[in-house]
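Residue strings, one per chain:
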Amino acid sequence: MKTVFSPLHAGHGGQMELVAGEIVPGFEKPSRAEFIRARVESEKLGPILAPKEHALDAAKRVHRADYIDFLPTVWPLWQEAGYPGSAMPFTWPTRGLRADVRPTRIDALMGYYSFDAGATFVKGTWDAIKSSYDVGLTAAEIVKAGERTAFALCRPPGHHAGAAFMGGYCFINNAAVVAQWYRDQGAARVAILDVDYHHGNGTQEIFYERDDVLVLNLHGDPNTEYPFFLGHADERGVGRGEGFNHNYPMPAGTPWTKWSEALEDACNKLTAYGPDVVVVSLGVDTFEKDPISQFKLKSEDYPRIGERIARLGLPTLFVMEGGYAVEEIGVNAVGVLTGFEG
Ligand code: Q9C
Ligand code: ZN
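Computed from a prediction, not measured in an experiment: that's the story for all the values here.

**Side note on the overall build of the chain**
Link 1 in the chain: Within the chain, the regular secondary structure consists of 11 helices and 10 strands.
Link 2 in the chain: Relative to a compact globule of 342 residues, whose C-alpha radius of gyration would be 20 Å, the chain shows 18 Å and is just as compact.
Link 3 in the chain: C-alpha atoms of the chain, sized along the principal axes, occupy 55 × 45 × 40 Å.
Link 4 in the chain: Classification of the 342 residues of the chain by burial places 51% in the buried group.
Link 5 in the chain: Contacts in the chain between residues at least 24 apart in sequence constitute 76% of all its contacts with a sequence separation of at least 6.

This is the structure:
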């Protein structure tokens, strides 16, 4: 299996985040991608390729154009304003406020284009976002060209980014971009299987009214787990999209025995849908030792995820999302991939 990876991810580092009333060093840090890359090498998964540069057109097929055009301006505008620290929002247009009026001040714009303070910018953040996007599309091209699978070692991740919002460490929704790209390349149907611990709220929002991209999400119950305000079982899509969104919220403490039942159900729905290609939003924050998550999967379970996905018998693109137990993140992520290869 080929892996696509860019060292430019590392420029997105040193950012802080708000956890339990304190500003602490971000969990989404450069060492995550480096541990995965090292494991790809030590397991001899296959060659590691650099991404090709892509225009932003494919991003604008799933994100609002003004949102994509905003992202490269964040750090320059933040610098111009003379603000210290990393660029992050502090005000949001919630119920009863004017979400339709775009402000002009950079810190207000950050709130206009986000749902939380979890997608922060430092100097190298835009170049990392762009490299992650290029990694996703380059890996998508490998599968389009006829290979059974490929691994997009994306960082930053993407599944919390919606059509016009960032959040949860995510800026461009790489999985949504590649799913739409396959549609534009002639695929009739695409399925996105999101196994990250957190609900892929951005992916759900992007495809919620569509029947040509099936979205399946396994995650922590949003009553008690981030990102809270989406991801319930009764969210099944609307209009043409009704019946093409499936959520599997699960309680804290969920072990492999229960989690794998949800995976089995999702895989059966996926098979019934008959997509041309599967995009896996591959988060490994379901791991028992993940510092911000509450499921109980063990390292030995990850190859079983890959084996089950392989049994779908479909072209499959793996797109890296979350996972914060950095010591084991490579073992677990690459475990899925070696399990897939059999
Ligand atoms: N107590 C992804 O996995 N907040 N994003 C966590 C920790 C944000 C996760 C709070 C979690 C975002 C891609
Ligand atoms: Zn996650």
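Having seen it, we continue.
**Regarding the UniProt feature "domain: Histone deacetylase" (unreviewed entry) in the chain**
Link 1 in the chain: Cross-referencing UniProt, the feature "domain: Histone deacetylase" (unreviewed entry) maps to residues 28-332 in the present numbering.
Link 2 in the chain: Here residues 28-332 is 36% helix and 12% strand, with 16 Å between the C-alpha atoms at its ends.

**A few points about the packing of helix α1 (residues 30-42) against helix α11 (residues 326-341)**
Link 1 in the chain: Axis separation between α1 and α11 bottoms out at 8 Å; the angle between their running directions is 45°. When the axes of α1 and α11 are compared, the pair comes out oblique. Here α1 runs over α11; the crossing is right-handed. Contact with α1, carried on its side by Ser31, Arg32, Phe35, Ile36, Ala38, Arg39 and Val40, involves Val326, Ile329, Gly330, Val331, Ala333 and Val334 of α11 and no other residues of that element.
Link 2 in the chain: A class-by-class count of the residues in the contact of α1 with α11 yields nine nonpolar, two polar and two charged.

**Notes on the environment of Glu288**
Link 1 in the chain: Relative to the elements of secondary structure, Glu288 occurs in the loop between β9 (277-282) and α10 (302-310).
Link 2 in the chain: For Glu288 and Glu341, which are 53 residues apart along the polypeptide, the C-alpha to C-alpha distance reads 24 Å.
Link 3 in the chain: Leave out the neighbours within four places in its chain, and Glu288 touches Lys296, Leu297 and Lys298.

**Quick look at the nonpolar core**
Link 1 in the chain: Grouped together as the largest cluster of nonpolar side chains are 98 residues, with contacts concentrated most on Ala152, Val178, Val279, Leu317 and Val319.
Link 2 in the chain: For this core, the leading source of residues is helix α6 (residues 125-144), giving 10 residues.
Link 3 in the chain: If sequence neighbours within four positions are ignored, Ala152 has contacts with Val4, Val135, Gly136, Ala139, Asn174, Leu317, Phe318, Val319 and Met320.

**Some remarks on α6**
Link 1 in the chain: For α6, with 20 residues, the first-to-last C-alpha span of 29 Å sits near the 28 Å given by 1.5 Å per residue.
Link 2 in the chain: By the criterion of burial, α6 is predominantly enclosed, with 17 of the 20 residues buried.
Link 3 in the chain: At the C-terminal side of α6, Gly146 shows a positive phi close to 120°.

**Considerations on the pairing of strand β5 (residues 149-152)**
Link 1 in the chain: Residues Thr149 and Phe151 point to one face of β5 and Ala150 and Ala152 to the other, with burial holding for every one of them.
Link 2 in the chain: When strand β1 (residues 2-4) meets β5, the two strands line up parallel, connected through three bridges. Looking at β5, one finds that Lys2 is bridged to Ala150.

**Considerations on unusual backbone geometry**
Link 1 in the chain: Along the chain, Arg155 connects to Pro156 via a cis peptide bond; the corresponding omega equals 0°.
Link 2 in the chain: Structurally, Pro156 can be placed in the loop between β5 and α7 (174-184).
Link 3 in the chain: The residue after Tyr226, namely Pro227, is reached through a cis peptide bond having omega 5°.
Link 4 in the chain: With phi around 50°, Ala20 is a residue other than glycine that occupies positive phi space.

The rules behind the values
Residues numbered from 1 in each chain as written. Chains lettered and ligands numbered in written order. Predicted model: local features only at pLDDT ≥ 70, side-chain atom pairs only at ≥ 80, totals over all residues. Helix = DSSP H or I, 4+ residues; strand = E, 2+ residues; numbered from the N terminus. Rg over C-alpha atoms; globule rule 2.2 N^0.38 Å. Buried ≥ 20, exposed ≤ 12 C-beta atoms within 10 Å, placed from the backbone. Contact = placed C-beta atoms within 7 Å. UniProt positions renumbered as here; feature names shortened; annotations may be inferred. Axes fitted to C-alpha atoms, helices over the stretch in contact; angles between N-to-C directions. Parallel < 35°, antiparallel > 145°, perpendicular 65-115°, else oblique. Left-handed = near helix turned anticlockwise from the far one by under 90°. Nonpolar A, V, L, I, M, F, W, Y, C, P; charged D, E, K, R; others polar. Core = buried A, V, L, I, M, F, W, Y, C linked by C-beta atoms within 7 Å. Expected span 1.5 Å × (residues − 1). Pairing = 2+ DSSP bridges.

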